[in-house]
Amino acid sequence: MRENDDHGLFGPGSVTWRVMGEPVLMVGGIRALLLQALHPHSMWGTAQNSELMDPHAAWARLARTVEFVRIRTWGTEEEIERVGRRVRKLHSKLTGLDLRTGETFAIDEPENLLWVHMGEVDSYLDVARRAGVPLSDADADRFVDEQRRAAAVVGLDPADVPASVAEMKAYYRDMRTRIWACREAREGMLRMFNPNVPRNLLPLKLAAPGLGLLVVATLPRWARRMYGLPGLPTSDLAATLTLKGLYRTTHAIPEHMRYQPDALRARRLTREHEDAAGALGMAV
């Protein structure tokens, strides 16, 4: 198999490849962290098994997460299986303590894994659509469906994962009665505005307050209220207008400077795929 024949989980023609390379989705990645933190087991499991307060350790952990998402999105089948096996093995060894009941829970319990997965899917899709990335309702459903392949990488059964926007909304309606912002989640949200950063990343502190306000405003209203923040429609509108502005601004930058190498490769392969499909259609 040639390198270009192995497109991993998605490949040319997928909505995932069309969406995930957009720079504005950085906002979606941070939004996902705040959404994921609203499940106490997710937040406690993370806080109890990582050094969140150590800026060097925390940023190293974030870098590993970003690399995992990169490989899962753009990597080959072999690369994805390797990182997936490592993550599943790590999670299988970890436990957390439920601070309400005193009971121990497994980090890889399916409810926790699914909550984390859906936090990513909802956040990336919501930010992309509000920013103006061209996506029809059918495209949105395809994106949610495609992400079930990503869910399998961390050990979930794709059959148990929402496969459409409607199913995802129903999932959140059910989960809202079972989640809340624990103390650690609230503290984590506040640290986003004044993060502990290594010395070489100190300039990020200047951008943190503005970025933090945008990220919080993109959360669903019910999520903002759980954090003790206003859930006003005006915040939704302001966030959407800001996202649209960011998307248009990034598209004023030449493509070779706008996208990371993986996304550039994906766009080239997608164009080749579309040209080949068009040529075949004309021949028929």
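For the structure, see preceding data.
Residues numbered from 1 in each chain as written. Predicted model: local features only at pLDDT ≥ 70, side-chain atom pairs only at ≥ 80, totals over all residues. Heavy atoms only, no water.

Overview of the pattern of salt bridges
A side chain of one charge can pair with a side chain of the opposite charge if their charged atoms are brought near each other. Evaluated as defined, the whole model comprises 22 salt bridges. Two residues, D122 and R31, come together in a salt bridge whose shortest N-O distance is 2.9 Å. Taken together, the residues D122 in helix α6 (residues 110-131) and R31 in helix α2 (residues 25-36) connect sequence positions 91 residues apart. Its relative accessible area of 2% is what places R31 among the buried residues. R70 is the salt-bridge partner of E67, the closest N and O atoms lying 2.8 Å from each other. Here E67 and its partner R70 are both found in helix α4 (residues 55-74), 3 residues apart, which amounts to about one turn of the helix. In this structure E67 comes out as partly exposed when scored by relative accessible area, which is 35%. Judged by its relative accessible area of 32%, R70 falls in the partly exposed class. A cluster of three or more residues bridged by salt bridges with shared partners is formed by R31, D122, D126 and R130. (Salt bridge = Lys/Arg side-chain N within 4 Å of Asp/Glu carboxyl O. Helix = DSSP H or I, 4+ residues; strand = E, 2+ residues; numbered from the N terminus. Buried < 20%, exposed > 50% of the residue type's maximum accessible area, 1.4 Å probe, protein only.)

Remarks on empty space enclosed by the protein
A water-sized probe rolled over the atoms picks out the places where empty space is left. Summed over the entire model, instances satisfying the criterion amount to 1 cavity of 30 Å³ or more. Quantified by volume, the largest cavity comes out at close to 40 Å³. If you go around the largest cavity, the residues you meet are W17, R18, G21, E22, W74, Y259, A263, A266 and R267. Every element with two or more residues in the lining of the largest cavity is listed here: α1 (15-20) and α14 (261-283). Top element by residues in the lining of the largest cavity is α14. It accounts for 3 residues. Broken down by class, the residue content of the lining of the largest cavity amounts to 5 nonpolar, 1 polar and 3 charged. (1 Å grid on protein atoms, 1.4 Å probe; cavity = no way out; pocket = protein on both sides within 12 Å on 5 of 7 lines; lining within 4 Å. Points joined across faces, edges and corners; volume = space filled by probe spheres on them. Nonpolar A, V, L, I, M, F, W, Y, C, P; charged D, E, K, R; others polar.)

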